[in-house]
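Geometric and topological summary
Given next are the chains, with one letter for each unit.
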Amino acid sequence: MKALIVYAHPEPRSLNGALKDIAVTTLEGAGHEVRVSDLYAMGWKAAVDAADYGAHATDPLQVVPSSGAAFDAGALTPDVAAEQEKLLWADTVIFQFPLWWYAMPAILKGWVDRVFTYNFAYGVGVHDATRYGERYGEGTLRGRRAVLSVTVGGPESHYSDRGINGPIEDLLFPIHHGILYYPGLEVLPPFVLHGTDRLAGGAFEDAAKAWRERLLALETTEPIAFRRQNFGDYEIPSLRLKEGLEAPGRTGFGLHVRA
Ligand code: FAD
């Protein structure tokens, strides 16, 4: 396995730092190759701007065509080009981060905004009256796998089916489906630790053991069964799910997971 760990936490001695270290030692100990993008340590620039695209930046700046032109010309900034190269090198991408305001930390979102450029992560494939490109099951990163390792402050019940915060699988859907599955990554079920602000009484040791077990099973874990865009489940050209394909009672985000 060639694993890229994209890690977002400002404190190396944090719980997230410990989980990242466990991933490195566990995977390397099992004979896998590991590379780490430690975004805070790298001083990752999170905000997109015209300087990202040099002479390919339109005036006024339009990010979609500017990023696509810079990508096509091999003229993206070295930090972004290096991350795209790591993604193409990897067969498995692990994201390690704390849930901040129901989402990933801004530095990690900024990594996505700048690295997942037009013509690399979106805008791929034929776009015409009947096809809307290669995405959701196809795309540049097809054949690779991704998994989120997320620490969450609140207890599990708050994120359960009737929990006040909403189900964790719904909160993670924009990342799982909209960011990772979109450019073709197969998404494994997340590793989620709840109640992490008050870890006591052996909870860390239990979490570390569970994370090691998940890491050693990554190659054989079944991905979430998201529906593929171009393989018959959706009406053309509306890309609405065809009537009758959903499992009974399944609505909302859950419609896009095969029964
Ligand atoms: P740390 O603070 O580093 O550690 C947490 C616990 O683990 C501590 O008890 C620590 O002693 C222990 N620990 C750490 N490392 C080790 C180790 N090596 N060995 C043994 N024990 C260890 N929560 C939500 O539920 N929903 C939200 O929307 C949300 N939004 C947030 C927004 C912001 C801006 C912030 C700052 C927090 C938010 N939180 C939210 C809480 C957040 O998810 C948790 O604080 C975070 O997940 C904890 O991870 P950490 O790595 O920062 O933990």
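Structure shown above.
The structure reproduced in this document is the subject of the present report. Here the structure is a predicted model, which is why all the values come from computation and not from measurement.

Another point: the side chain of N165. Relative to the helices and strands, N165 resides in the loop between β4 (145-151) and α6 (168-181). Ignoring sequence-local partners within four residues, the contact set of N165 consists of Y102, H158, Y159 and L171.

Another point: the pattern of salt bridges. Summed over the entire model, instances satisfying the criterion amount to twelve salt bridges. With its nearest N and O atoms 2.9 Å apart, the salt bridge here joins R13 to E11. Look at R13 and you get exposed, because its relative accessible area is 74%. The class of E11 is partly exposed, set by a relative accessible area of 28%. The partner of R227 in a salt bridge is D233, and the shortest N-O contact between them spans 3.1 Å. For the residue pair R227 and D233, the accessibility class agrees, reading buried in each case.

What follows deals with the site of the ligand. Taken together, 19 residues lie around the ligand, and H9, W101, T151, Y159 and D197 are the ones closest in. In this structure, an oxygen atom belonging to the ligand sits 2.8 Å away from a main-chain N or O atom of Y102. Between an oxygen atom of the ligand and a main-chain N or O atom of G154, the distance comes to 2.8 Å. Across the shell around the ligand, the residue classes break down as eleven nonpolar, seven polar and one charged.

All right, on to the nonpolar core then. With 46 residues, the main nonpolar core has F95 and W111 as its most contacted residues. Going through the elements one at a time, β1 (2-7), α4 (78-89), β3 (92-98), α5 (106-115), β4 and α6 are the ones with two or more residues in this core. Ranked by residues supplied to this core, first place goes to α6 with eight residues. For F95, the contacting residues outside a window of four places in its chain are V6, L108, W111, A146, V147, L148, S149 and L180. A3, Y7, I94 and L193 belong to the second largest nonpolar core, which has 21 residues in total.

Turning our eyes to something else, we now look at α6. Summarising burial for α6: ten of the 14 residues are buried, a large majority. Here α6 has its buried residues at I168, L171, L172, F173, I175, H176, H177, I179, L180 and Y181. Buried residues along α6 sit in contact with β3, α5, β4, β5 (186-187) and β6 (191-193).

What follows deals with helix α7 (residues 203-216). With 14 residues, α7 extends 20 Å between its outermost C-alpha atoms, agreeing within 8% with the 20 Å of an ideal straight helix rising 1.5 Å per residue. Lining the buried residues of α7 we find α1 (15-29), β3, β4 and β6.

Once that is clear, we can look at the pairing of β3. By the criterion of burial, β3 is predominantly enclosed, with seven of the seven residues buried. Residues of β3 alternate between two faces, with T92, I94, Q96 and P98 on one and V93, F95 and F97 on the opposite face, all of them buried. Pairing between β1 and β3: five bridges, direction parallel. Across the sheet, residue V6 finds its bridge partner in β3, namely F95. Taken together, β3, α5 and β4 form a β-α-β motif whose crossover is right-handed.

Here the focus is the packing of aromatic side chains. Evaluation of the coordinates by the stated rule reveals ten aromatic pairs. When the ring of Y136 is compared with that of Y181, the centres are 6.1 Å apart and the planes differ by 40 degrees; the resulting orientation is tilted. Of the two residues, Y136 is situated in the loop between α5 and β4 and Y181 in helix α6; the sequence distance between them amounts to 45 residues. Each member of the pair, Y136 as well as Y181, is classed as buried. Aromatic ring contacts, followed pair by pair, group Y136, F173, Y181, Y182, F226 and F253 into a single cluster. Across from the ring centre of Y7, 5.1 Å away, lies the NZ or CZ of K20, which sits over that ring. Looking at R35, its charged tip hangs above the ring of W89, at a distance of 4.9 Å from the centre.

Calculation rules
- Residues numbered from 1 in each chain as written.
- Predicted model: local features only at pLDDT ≥ 70, side-chain atom pairs only at ≥ 80, totals over all residues.
- Heavy atoms only, no water.
- Helix = DSSP H or I, 4+ residues; strand = E, 2+ residues; numbered from the N terminus.
- Contact = heavy atoms within 4.5 Å.
- Salt bridge = Lys/Arg side-chain N within 4 Å of Asp/Glu carboxyl O.
- Buried < 20%, exposed > 50% of the residue type's maximum accessible area, 1.4 Å probe, protein only.
- Near = heavy atom within 4 Å.
- Polar contact = N/O pair within 3.5 Å; in protein donor to acceptor, adjacent residues only side chain to side chain.
- Nonpolar A, V, L, I, M, F, W, Y, C, P; charged D, E, K, R; others polar.
- Core = buried A, V, L, I, M, F, W, Y, C linked by side-chain atoms within 4.5 Å.
- Expected span 1.5 Å × (residues − 1).
- Pairing = 2+ DSSP bridges.
- Right-handed = clockwise from strand over helix to strand, strands pointing away.
- Phe/Tyr/Trp six-rings, centres within 6.5 Å; stacked < 30°, edge-to-face > 60°.
- Lys NZ or Arg CZ within 6 Å of the ring centre and 35° of its normal.

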